[in-house]
Amino acid sequence: MKIVDLEPADPRIADVLPVLRELRPHLTADLFAQVYDEGYRQGLRFTAVFDDNGRCVGAAGWRVQVNTVSLRALHVDDLVTAESARSTGVGGALLAHLENHARERGCRELTLDSGTARTAAHRFYLRERLDITAFHFVKQLDTP
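Reading the values: the criteria
Residue positions are given per chain, counted from 1 along the sequence in the order it is written. Totals for whole chains, interfaces and linings use every residue, but because this is a predicted model, local features are given only for residues with pLDDT of at least 70 and side-chain atom pairs only at 80 or more, for both listing and counting. Values reported for side chains reflect all heavy atoms of the structure, with hydrogen atoms and water molecules removed beforehand. Only runs of H or I of at least four residues qualify as helices and only runs of E of at least two qualify as strands under DSSP, and these elements are numbered from the N terminus. A radius of gyration in this sense is built from C-alpha atoms; the matching globule rule multiplies 2.2 Å by the number of residues raised to 0.38. Here the term buried applies to any residue with accessible area under 20% of the maximum for its type, exposed to any over 50%, and partly exposed to those in between, with areas from a 1.4 Å probe on protein chains only. Two residues qualify as a contact provided that any one of their heavy atoms is within 4.5 Å of a heavy atom in the partner residue. Exposure was quantified through the Shrake-Rupley algorithm and a 1.4 Å probe, taking into account, for residues, occlusion by the shown protein chains and nothing else. Positive: Lys, Arg. Negative: Asp, Glu. His and the chain ends are not part of the count. A charge is said to be at NZ when it belongs to Lys, at CZ for Arg, at CG for Asp and at CD for Glu. Grid points spaced at 1 Å and placed over the protein atoms alone form the basis of the search, with a cavity being a set where a 1.4 Å probe fits but cannot get out and a pocket an open set showing protein on both sides within 12 Å along at least five of seven lines. Lining residues have an atom within 4 Å of a point. Grid points are joined across faces, edges and corners, and a volume is the space filled by probe spheres set on the points. Classification used: nonpolar for Ala, Val, Leu, Ile, Met, Phe, Trp, Tyr, Cys and Pro, charged for Asp, Glu, Lys and Arg, polar for all others including Gly. Put simply, a salt bridge is a Lys or Arg side-chain nitrogen that is within 4 Å of an Asp or Glu carboxyl oxygen. Each Phe, Tyr or Trp ring, with Trp reduced to its six-membered ring, pairs with another whose centre is within 6.5 Å; inter-plane angles below 30 degrees give stacked pairs, above 60 give edge-to-face pairs, and intermediate values give tilted ones. Any Lys NZ or Arg CZ that is within 6 Å of a ring centre and within 35 degrees of that ring's normal is treated as a charge sitting over the ring.

Turning to the overall build of the chain, a few remarks are in order. Helix and strand counts for the chain stand at four helices and five strands. Listing each helix as α and each strand as β along the chain from the N terminus yields β-α-α-β-β-β-α-β-α. Compactness check: the chain gives a C-alpha radius of gyration of 15 Å against a globular reference of 15 Å for 144 residues, within 12% of the reference. Here the chain holds 144 residues, and 35% of them are scored as buried. Put simply, 56% of the contacts in the chain that link residues at least 6 apart link residues at least 24 apart. With an accessible surface of roughly 9,400 Å², the chain has 51% of that area assigned to carbon and sulfur atoms. Computing the positive centroid from 18 side-chain charges and the negative centroid from 20, the chain places the two 4 Å apart.

Set out below in structure tokens:
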């Protein structure tokens, strides 16, 4: 298993999309490229896990945020293990890698949101010693 932090121009970023689409099925290649290009300038980063055959089996989108709640936190936007690689240690290794990034960047917390229906993911997060500390509210807006 190899964990790699990917820049937007890295050709391996294309290998992340099929895994990321397991969590975010609305993403197309063009939309993913657009989001990463714009998001990168705002601090968005992607980290991928590759198996011994070079196949992407896990991915995380994350950013460091400074705010009044956490002061400084590494926030995980996306954390997904390919269905074929679940329960093999990929998610734990990826989360540990992100925790190291958080510590290196002086973060006080690692945070993430998870959809309410993702109970298997919630069990994983609780096993990994993440606590449920808030509700996340969303209001859909009309797009121009």
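On we go from here.
Within this model, the largest pocket holds a volume of roughly 1,300 Å³. As for the largest pocket, its lining consists of 39 residues, and the residues nearest its centre are T111, L112, D113, D131 and T133. Elements represented by at least two residues in the lining of the largest pocket include exactly β3 (56–67), β4 (71–81), α3 (90–104), β5 (109–112) and α4 (119–127). Of the residues forming the lining of the largest pocket, the biggest block, six residues, is contributed by β4. When its residues are assigned to classes, the lining of the largest pocket shows 16 nonpolar, eleven polar and twelve charged. Approximately 440 Å³ is the volume found for the second largest pocket. Sorting the residues of the lining of the second largest pocket by element identifies β4, α3 and α4 as the ones contributing at least two each. The class makeup of the residues in the lining of the second largest pocket is seven nonpolar, seven polar and five charged.

According to the stated counting rule, one finds eight salt bridges in the structure shown. Salt-bridge contacts for R55 lead to D51; the nearest nitrogen and oxygen are separated by 3.4 Å. A residue is classified by how much of its surface remains accessible, and R55, at 42% relative accessible area, is partly exposed.

Below, the discussion takes up the packing of aromatic side chains. Across all of its chains, the model carries six aromatic pairs by this definition. Centroid distance F32 to Y36: 6.3 Å. Interplanar angle 10 degrees. Geometry classified as stacked. Of this pair, F32 and Y36 both sit in helix α2 (residues 29–41), separated by four residues, roughly a single helical turn. Seen from their ring centres, F32 and F46 are 5.2 Å apart, and the 85 degrees between their planes marks the pair as edge-to-face. Of the two residues, F32 sits in helix α2 while F46 sits in strand β2 (residues 45–50), which places them 14 residues apart along the sequence. When sorted by exposure, F32 lands in the same class as F46, which is buried. Of note, R45 hangs over the ring of Y40, and the distance from its end group to the ring centre comes to 3.7 Å.

Keep in mind that these numbers describe shape and distance, not what the molecule does.
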